[in-house]
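# Working through the structure, step by step
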Amino acid sequence: MELQTTIYLVVGLSFALYLGIAFWARAGSVSEFYVAGGGVHPITNGMATAADWMSAASFISMAGLISNMGYGGSVFLMGWTGGYVLLAMLLAPYLRKFGKFTVPQFIGDRFYSKTASTVAVVCLLTASTTYIIGQMTGVGVAFSRFLNVDSSTGIYIGQAIVFFYAVFGGMKGITYTQVAQYIVLIFAYIIPAIFISLNLTGNFLPQLGLGSDLQGDSMPLLARLDQVVTDLGFKEYTTNSAGSMLNMFFYTVSLMIGTAGLPHVIVRFFTVPKVADARASAGWALVFIALLYTTAPAVGAMAKLNLHATVNTAVKSGGDLYAAESSLVNEQRPEWMKRWEKTGLLKWADQNGDGRIQYYSDSGLAEAKAALAKATKEGGDVAKAQAAVDAAQKKHDEAKAGKFAGAGWKGNELTVNPDIMVMANPEIANLPNWVIALVAAGGIAAALSTAAGLLMAISSAVSHDLIKNVFNPNISEKGELMAGKIAMAVAIVISGWLGLNPPGFAAGTVALAFGIAASSLFPAIMMGIFSKTMSDKGAIAGMLSGLFVTLFYVFAHKGLFFIKGTDFVGMVGGVNGWFGITPEAIGTLGAIVNFAVAYLVNKMTAPAPKHIQELVESIRVPKGAGAATGH
């Protein structure tokens, strides 16, 4: 069967499954809409949590960033898995014991303040909307390949699909849909990895194949990859490329505590009957998550090696990487490259006119030239763009110009968006059509599952925590459900529009969302559970200050509300203005500010009332939890 037909068939069947489940398990009450009725089995909930957790950032983008960054990409593995353990051990059981089914409800009741609840809603909406932007970027990648359209069209189509089954199914429908999506995405991730590991190393397990020797080569896979990328001007693959050690530490911590503060994952622990089930769900979810996360480093490294081997035949033969005949002739490029070119996520420009594709690091020279051409055409800052070209040219000349110039190379000619690496991986490795189709279905499942979970968090925050608890306590169940669905629709439109021009790659954009959650919600939840005396004023001041510091820094680098051209990075003194810390890592500093401000304000104000202190004490006792309630 022809490849595109196979993809249509496999993805179409998976869609039919998701939509059928969403219709079968559609919500009929507020409880079913928000917490699936509170009766989900721990294993089922663990699988749904894993699908909710392993978003487009995990399935589509994480291995791509590891492929691009090498060892530096380990911040995502350490931060996201470590954060899940933190969530499972320190937060989930206590929040489940509390009994309310949204994070703003917990903060509002614990800090005896509707203002605190409203501030928590603002923090939640900011983090969740940013997160969905990353998901929509992944949706664009998945649907563009599935339908052979550009990524923008893919986003529009993905918006419609998400709207249908998230809005009509609620948490009950989403839970059982996510179980199906997990099964699809995990098979889609592991099966190609097994095929590729066998092809490259003869080792069945990708995790072991990563450290094995290449078949027909005495060198280990990582050693060969290091040799290839350094010879072609890239950084050594097994060396940190995530900036300074301080930035790597801040980045990892931000992802960890941001994970523990993300409401769409926390709310899953309210869907089980008991506190013990919440703990069991967390354990099962960690097992299901580990299957993908332990495979991702192998997927990233093998995809990187296969890509170089496709473009440069000397990679496998061990010959001269700079020989003219080793570069891929454009007219002979494989079909997978032609297919991905249609999406706009893979581009080739013949810089030296030889009709061959040269893929190497020219220190940003090609990108700088493209930026100059764009500025000249569109009336931008040509002087600034020319200065960037001059700087890149100088860096290029000082680095490897002799070697590259001797081969007749004038600049890197291939641009590959890291977000496509996992989706393109089986095509690069010439795997069977059914495997390629399965990966397409898995990528779509990953993007849709988390987008749906995030939309539930946004829906409950607006309809339940803001409208019902603050503005209109007498609203009917029907009115509350309608408000939640409208909030979902608005969130889909906003995130889809921003997803057309995202502030970074999918995983990078998601890291920004984690930083926002880390700096605003996580400290408030931690202090709410483990500090009996923390007052409402301390929590409110902490959340606002942490959120402000993080958003100021992020917007300085990424543009106001992520709108391109509105960045004011000069105000903080450079690309990474404070001690080399990237915007994706600033959530750690925001959390420190949050804790510090909350502590100082709490010292200057009255402590929490006695009945609140007794409530906090009771949360820590692992017995006596009732059903999750919203009223």
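Here's a quick rundown of the structure. (Residues numbered from 1 in each chain as written. Predicted model: local features only at pLDDT ≥ 70, side-chain atom pairs only at ≥ 80, totals over all residues. Heavy atoms only, no water.)

Another aspect to go through is the pattern of salt bridges. Pairing between side chains of opposite charge can happen when their charged atoms approach one another. Per the stated rule, a full pass over the model turns up 5 salt bridges. Arginine 339 serves as the salt-bridge partner of glutamate 427, at 2.9 Å between the closest nitrogen and oxygen. A residue pair is termed long-range when its members are at least 10 positions apart, and glutamate 427 in helix 20 (residues 421-428) and arginine 339 in helix 16 (residues 335-341) qualify at 88 residues. Put simply, lysine 532 and glutamate 617 hold a salt bridge, and the shortest N to O gap is 3.3 Å. Of the two residues, lysine 532 is situated in the loop between helix 23 (506-530) and helix 24 (536-558) and glutamate 617 in helix 26 (residues 610-619); the sequence distance between them amounts to 85 residues. (Salt bridge = Lys/Arg side-chain N within 4 Å of Asp/Glu carboxyl O. Helix = DSSP H or I, 4+ residues; strand = E, 2+ residues; numbered from the N terminus.)

Turning our attention to the environment of alanine 437. With respect to the helices and strands, alanine 437 occurs in helix 21 (residues 433-471). Taking the C-alpha atoms as reference points, alanine 437 and glutamine 4, 433 residues apart in sequence, are found 8.1 Å from one another. Apart from the residues within four sequence positions on either side, alanine 437 is in contact with Thr6, Ile7, Val10 and Val11. (Contact = heavy atoms within 4.5 Å.)

Counted according to the given criterion, the structure contains 14 aromatic pairs. Summarising the aromatic geometry, the rings of phenylalanine 59 and tyrosine 189 are spaced 5.2 Å apart at their centres and angled 65 degrees between planes, so their arrangement reads as edge-to-face. One end of the pair, phenylalanine 59, is in helix 4 (residues 56-69); the other, tyrosine 189, is in helix 8 (residues 151-201), with 130 residues separating them in the sequence. Among the residues examined, tyrosine 189 registers a relative accessible area of 3% and is labelled buried. Linked through ring pairs, Phe76, Trp80, Tyr131, Tyr251 and Phe514 together constitute an aromatic cluster. Positioned above the aromatic ring of phenylalanine 234 is the side chain of lysine 304, whose terminal nitrogen or guanidinium carbon lies 5.0 Å from the ring centre. (Phe/Tyr/Trp six-rings, centres within 6.5 Å; stacked < 30°, edge-to-face > 60°. Buried < 20%, exposed > 50% of the residue type's maximum accessible area, 1.4 Å probe, protein only. Lys NZ or Arg CZ within 6 Å of the ring centre and 35° of its normal.)

Between its terminal C-alpha atoms helix 5 (residues 74-98) stretches 35 Å, which fits the 36 Å expected from 25 residues at 1.5 Å a residue. For helix 5, a buried count of 20 out of 25 residues is recorded, marking the element as mostly surrounded by other parts of the structure. (Expected span 1.5 Å × (residues − 1).)

With that settled, consider the nonpolar core. Ranked by size, the top nonpolar core spans 184 residues in total, and within it Phe59, Phe76, Trp80 and Ile107 carry the most contacts. The leading source of residues in this core is helix 21, at 21 residues. If we skip the residues at most four places from it in the chain, isoleucine 107 touches Tyr112, Ala116, Ala120, Leu521, Ala524, Ile525 and Met543. Membership of the second largest hydrophobic core comes to 6 residues, among which are Ala368, Ala375, Ala385 and Val389. (Core = buried A, V, L, I, M, F, W, Y, C linked by side-chain atoms within 4.5 Å.)

The packing of two helices is summarised by the inter-axis angle and the distance between the axes. Packing of helix 10 (residues 221-231) against helix 14 (residues 296-311) leaves a shortest axis separation of 10 Å and a crossing angle of 50 degrees. On the basis of the axis angle, helix 10 is oblique to helix 14. Crossing angle aside, the handedness with which helix 10 passes helix 14 is left-handed. Where helix 10 abuts helix 14, its residues Leu221, Leu222, Arg224, Leu225, Val228 and Val229 lie against Ala301, Met302, Lys304, Leu305 and His308. Looking at the contact of helix 10 with helix 14 residue by residue, the class counts come to 8 nonpolar, 1 polar and 2 charged. (Axes fitted to C-alpha atoms, helices over the stretch in contact; angles between N-to-C directions. Parallel < 35°, antiparallel > 145°, perpendicular 65-115°, else oblique. Left-handed = near helix turned anticlockwise from the far one by under 90°. Nonpolar A, V, L, I, M, F, W, Y, C, P; charged D, E, K, R; others polar.)

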